[in-house]
Amino acid sequence: SQELEQSPQSLIVQEGKNLTINCTSSKTLYGLYWYKQKYGEGLIFLMMLQKGGEEKSHEKITAKLDEKKQQSSLHITASQPSHAGIYLCGADVGDQGGSEKLVFGKGTKLTVNP
Amino acid sequence: NAGVTQTPKFRVLKTGQSMTLLCAQDMNHEYMYWYRQDPGMGLRLIHYSVGEGTTAKGEVPDGYNVSRLKKQNFLLGLESAAPSQTSVYFCASSYTYRDPVEQFFGPGTRLTVL
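Below or above, wherever it landed, is the structure these notes cover. Just so it is clear, the model here is predicted, and its values are computed rather than measured.

**Some points on the nonpolar core**
Within the largest apolar cluster, 22 residues are counted, with the highest numbers of intra-cluster contacts made by Leu19(A), Leu32(A), Trp34(A), Leu74(A), Tyr87(A) and Leu110(A). At the level of elements, strand S2 (10-14), strand S3 (19-25), strand S4 (32-37), strand S5 (43-49), strand S7 (61-65), strand S8 (71-76), strand S9 (85-92) and strand S11 (108-113) of chain A are the ones that each hand at least two residues to this core. Counting residues in each nonpolar core, the second largest holds 19 residues, with Tyr64(B), Leu76(B), Leu111(B) and Val113(B) among its members.

So, in structure tokens, the structure goes:
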């Protein structure tokens, strides 16, 4: 079965610093999703990546999928307290993508100190 | 457009009691999912549905039952609650599975079983 490993498990940064969160898969990724969760709330969709080498950005958050499609990174530039939360990566479990099910990593807890 | 809503938001049960969690979506999505989130375990799929009248088991289905009598609703039942079912439960929906597509999440239900 497909597993997703996220690193680090938790991260504490000073406001204004850059940071990177990684998501590594045991199998080829056909659809990789990044979600953000604030404590006590649901998941908010950030970005989805499909193609090897693909990169997407939203405000100060950039996500990339490597050429081999087995690792994705989420980079935050000039972090702000509003970036704090739990970041989860999820992936389609189907062999060719398009499965109805997703598996998720265990999450990375980000704290941004003012 | 409310998106995905969950009822109730919080609940405390005694061991052996039963309850039903309700998920509703107003986006005409075909696919609906129930997850549980536990510290250090990430999100795990309990059951899912690929359409009205259909249900399927996910990763951790034991102790739960589901029903999808109407397209917009997905119910999660606990027949005899156990302390191990203390968790945060999330419902999600998506409109297709044929291509990688985001899942929309509800705000969660925090359940404590004493």
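**Topic: the state of the cysteines**
One pass over the full model with this rule turns up 2 disulfides over all chains. Note that Cys23(A) is cross-linked by a disulfide to Cys89(A), the S-S spacing being 2.1 Å. Looking down the S-S bond of the Cys23(A) and Cys89(A) bridge, the torsion is 75°, so its handedness is right-handed. With a gap of 66 residues between them, Cys23(A) in strand S3 and Cys89(A) in strand S9 connect regions that are remote in the sequence. Cys23(A) sits in the buried class, given a relative accessible area of 0%. One disulfide bridge connects Cys23(B) with Cys91(B), the sulfur atoms lying 1.8 Å from each other. Judged by the sign of its S-S torsion, about -75°, the cystine formed by Cys23(B) and Cys91(B) is left-handed.

**Re the layout of surface pockets**
Its boundaries defined by the atoms lining it, the largest pocket holds a volume of some 1100 Å³. At the level of elements, strand S1 (4-7), strand S10 (102-104) and S11 of chain A together with strand S4 (31-38), strand S5 (42-49), strand S9 (87-94) and strand S11 (109-113) of chain B are the ones that each hand at least two residues to the lining of the largest pocket. Element by element, the count of residues in the lining of the largest pocket is highest for S5(B), at 4 residues. Of the residues belonging to the lining of the largest pocket, the class tally is 14 nonpolar, 15 polar and 12 charged.

Thresholds applied
- Residues numbered from 1 in each chain as written.
- Chains lettered and ligands numbered in written order.
- Predicted model: local features only at pLDDT ≥ 70, side-chain atom pairs only at ≥ 80, totals over all residues.
- Heavy atoms only, no water.
- Core = buried A, V, L, I, M, F, W, Y, C linked by side-chain atoms within 4.5 Å.
- Buried < 20%, exposed > 50% of the residue type's maximum accessible area, 1.4 Å probe, protein only.
- Helix = DSSP H or I, 4+ residues; strand = E, 2+ residues; numbered from the N terminus.
- Disulfide = S-S within 2.5 Å.
- 1 Å grid on protein atoms, 1.4 Å probe; cavity = no way out; pocket = protein on both sides within 12 Å on 5 of 7 lines; lining within 4 Å.
- Points joined across faces, edges and corners; volume = space filled by probe spheres on them.
- Nonpolar A, V, L, I, M, F, W, Y, C, P; charged D, E, K, R; others polar.

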